[in-house]
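Architecture at a glance
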Amino acid sequence: MTQLQKAILLLKEIKQHNHQAYIVGGFVRDYLRGIQNPDIDICTSMDPDLLKQYFKVKEEHYGSTILMFHGSYFEVTTFRREIGSKQNRYPEKIIYTDNLEEDLKRRDFRMNAICMNEKREIIDPLGGKDDVKRKQIVCIGDPIKRLEEDALRILRAIRFATTLNFSLDSSLSEAIIQKRDLLKAISYQRKKEELNRIFSSSRAIQGRTLLIEHQLLDVLEIPNLKNAVFYSHPLLIWMQLGVDEIYPFTKEEKKQMKYFRKCMGEPWNLYRIYESDLQTAILIGMMKGKGKEEIKILKNNLPIQNRQDIKITSDELQQFIPVEKISYNYKKIEQAILTGKLKNKKTDIIEWLKKQK
Ligand code: ATP
Ligand code: MG
């Protein structure tokens, strides 16, 4: 059964309990664009307590219920009205309702407020279908107010414009510029998630243009994006922005970014491919204009894969160099072999070492 077939069964099951349920959001928007979105969001008049009674619920958070249905997870959101706003991000209060249109009106953009019922019919009271056709992102209601309620919508708008290749309605575009400072109140984690999606897009460069046009680089604390080289992995863009301590990165990511900065400034060399794991090596290759397959082949065919492959043992080395310099010299030997300056042959290595002194 496909995700869509499962979702439709779920809608039918909720209906049997005398409640309304629809597929909504990105899935329907992308369905109308002829693109399959793997993430299916569902909205319903059934409240979270009832959902828990009838379905296998994994978690529930402010009326958003993640439930397991025929082996897949679905996010099912109870129809609601949202009242007020705190920290320019969250509603002060949510009130459940059984009115679909009320629920659709609290959503961000008209293209994200299109529904599909269990007969795969489109229900579109706010006119989102037309926006999809015209490739336009239009806010539901007054853009200024909607961005004040939740400033993350600024970045969502830019992200959708980038990934979908849609344009921003002029009133939304103006509101973004006017309200851009509100992004300061949004958590770096959420901002990073949206920026990641922009950086990962095949249209990332257009995303940067939009960020610049809307004067968002300073408020996002990423002025260096202006001159960044765009590689097709977000970490390779982040590493050029100098925000390792501002945005949340794991220890491992920070280590990688430091390493990538070092590699970026030096000429291509096989030693980096040798000392890195395959994933890291692929990213280094990306920076140097080499494809994934090419790096895999290069890595598999290196003259040595590790120190044990070097045709001289540490005992043998000790005959020529003091013990405390063994490790240093191993590294020099590795580099010489990998850069093609030295053959991996005992006599050659010994000769070469003598010349180094
Ligand atoms: P995609 O899944 O492709 O990223 P999406 O539109 O489905 O896009 P989600 O983040 O999955 O985005 O959210 C599902 C739906 O919930 C949206 O389509 C929109 O209707 C609503 N929504 C999500 N975030 C917001 C928000 N910050 N403000 C208002 N509505 C929102
Ligand atoms: Mg979605």
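Analysis parameters
- Residues numbered from 1 in each chain as written.
- Chains lettered and ligands numbered in written order.
- Predicted model: local features only at pLDDT ≥ 70, side-chain atom pairs only at ≥ 80, totals over all residues.
- Heavy atoms only, no water.
- Helix = DSSP H or I, 4+ residues; strand = E, 2+ residues; numbered from the N terminus.
- Rg over C-alpha atoms; globule rule 2.2 N^0.38 Å.
- Areas by Shrake-Rupley, 256 points an atom, 1.4 Å probe, with all protein chains shown as cover.
- Lys, Arg positive; Asp, Glu negative; His and termini not counted.
- Charge placed at Lys NZ, Arg CZ, Asp CG, Glu CD.
- Polar contact = N/O pair within 3.5 Å; in protein donor to acceptor, adjacent residues only side chain to side chain.
- Near = heavy atom within 4 Å.
- Salt bridge = Lys/Arg side-chain N within 4 Å of Asp/Glu carboxyl O.
- Buried < 20%, exposed > 50% of the residue type's maximum accessible area, 1.4 Å probe, protein only.

**Observations regarding the overall build of the protein**
Summing up its helical and strand segments, the protein has 18 helices and 11 strands in all. Whereas a compact globule of 357 residues would reach a radius of gyration of roughly 21 Å, the protein reaches 27 Å, over 25% beyond that. Seen along its three principal axes, the alpha-carbon backbone of the protein occupies a region of about 85 × 45 × 35 Å. Accessible surface for the protein amounts to roughly 18,400 Å². Of this, 47% is attributable to carbon and sulfur atoms. Each charge class in the protein can be summarised by its mean position, and for the 62 positive and 49 negative side chains these summaries are 6 Å apart.

**Quick notes on the environment of Ser200**
Residue position: Ser200 is located in helix α9 (residues 188–200). Residues Ser200 and Pro234, 34 residues apart in the sequence, show an inter-C-alpha distance of 5.6 Å. There is a polar contact of 2.6 Å between the side chain of Ser200 and the backbone oxygen of Asn196.

**A closer look at the site of ligand 1**
Looking at ligand 1, there are 16 residues lining it, with Asn112, Asp150, Arg153, Arg159 and Arg197 nearest. Between ligand 1 and Asn112 there is a distance of 2.9 Å, counted from an oxygen atom to a backbone nitrogen or oxygen. Asp150 places a side-chain nitrogen or oxygen 2.8 Å from a nitrogen atom of ligand 1. For ligand 1, the accessible surface in isolation is 590 Å², of which the surrounding protein chains cover 81%. Elements with a minimum of two residues in the shell around ligand 1: α2 (26–32) and α7 (152–164). The leading source of residues in the shell around ligand 1 is α7, at four residues.

**Overview of the pattern of salt bridges**
Side chains that differ in sign of charge can pair as their charged atoms come close. Summed over all chains, the structure comprises 34 salt bridges. Put simply, Arg261 and Asp244 hold a salt bridge, and the shortest N to O gap is 2.6 Å. Taken together, the positions of Arg261 in helix α12 (residues 251–264) and Asp244 in the loop between α11 (234–238) and α12 put the pair 17 residues apart, joining distant regions of the chain. Classification of Asp244 as buried rests on a relative accessible area of 11%.

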